[in-house]
Amino acid sequence: MILAVVPARGGSKRLPGKNLRMLGGKTLLEWAIQSAWDATLVDRIVVSTDAREIECAAYSALFARTGPNPISAPPKPLDVILRPPHLAADTTPMIEVMQHALVEAGYPDTLVCVQPTTPFRTGALIDAVLRAMGEADSALTVYAERPTGEVYVTRRHLLLAGRLLGPRCVDYER
């Protein structure tokens, strides 16, 4: 199973409420969820947050697609994982957030990190990175040999070993 994890904490000192900021008619959170919904290889989505406002926004995005007057066909499953405060600090490493999601989501095989702060990523890009990864243990989007933050893919065994990226990592050039 391939799980998309949208890490969206509530606190941000530099830009308060950034994950719920609007861009082109949608919040950054909605852009991340939409790209995960559009990725054909992703089976399930979880939003990892410490904030009730983000939880409500995630479920509102789902309701807009599945409620009484849905805007399109029902998407793949979306759930919210509430993180404890110690996993929502400015200094919390992403590995700890992803490990928490791994456990809470029942140990899926592969996790895709879909950060709201890179809103121009598409479902097609997520699929392309997953396909390029093949049998490798991790993959990420890069531009000029530098990570872009758009897509990170990690296998379960790496997270259990305390790593996001492994020795067999595919750099997907943007």
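I will try to describe carefully the structure that is included in this document.

So, how was this worked out
Residues numbered from 1 in each chain as written. Predicted model: local features only at pLDDT ≥ 70, side-chain atom pairs only at ≥ 80, totals over all residues. Heavy atoms only, no water. Phe/Tyr/Trp six-rings, centres within 6.5 Å; stacked < 30°, edge-to-face > 60°. Lys NZ or Arg CZ within 6 Å of the ring centre and 35° of its normal. Helix = DSSP H or I, 4+ residues; strand = E, 2+ residues; numbered from the N terminus. Buried < 20%, exposed > 50% of the residue type's maximum accessible area, 1.4 Å probe, protein only. Pairing = 2+ DSSP bridges. Axes fitted to C-alpha atoms, helices over the stretch in contact; angles between N-to-C directions. Contact = heavy atoms within 4.5 Å.

### Considering the packing of aromatic side chains
- Counted by the stated rule, this structure contains 0 aromatic pairs.
- Cation over ring: Lys26 sits above Trp31, and NZ or CZ is 4.2 Å from the ring centre.

### Regarding the environment of His86
- Within the secondary structure layout, His86 lies in the loop between strand 5 (78-82) and helix 3 (94-104).
- Judged by its relative accessible area of 57%, His86 is exposed.
- A sequence separation of 10 residues divides His86 from Lys76, and the C-alpha atoms of the two residues are 30 Å apart.

### Some details on the sheet that holds strand 5
- As summarised here, the arrangement of the 7 strands in space is 5-4-1-6-8-7-9, forming an open sheet in which the pairing is mixed. The two strands at the open ends of the sheet, each matched to only one other strand, are strand 5 and strand 9 (169-173). Neighbour-to-neighbour, the strand axes of this sheet turn through a mean angle of 25 degrees, independent of strand direction.
- Relative to strand 6 (residues 110-113), strand 1 (residues 2-7) is paired through 4 bridges, and the arrangement is parallel. Its bridge partner lying in strand 6, Leu3 is registered against Leu111.
- Across the sheet, helix 3 touches strand 1, strand 4 (44-49), strand 5 and strand 6, and the angle it forms with strand 6 is around 135 degrees.
- The strands that helix 4 (residues 123-133) touches are strand 1, strand 6, strand 7 (138-143), strand 8 (146-155) and strand 9; relative to strand 8, the one it contacts most, it runs at about 60 degrees.

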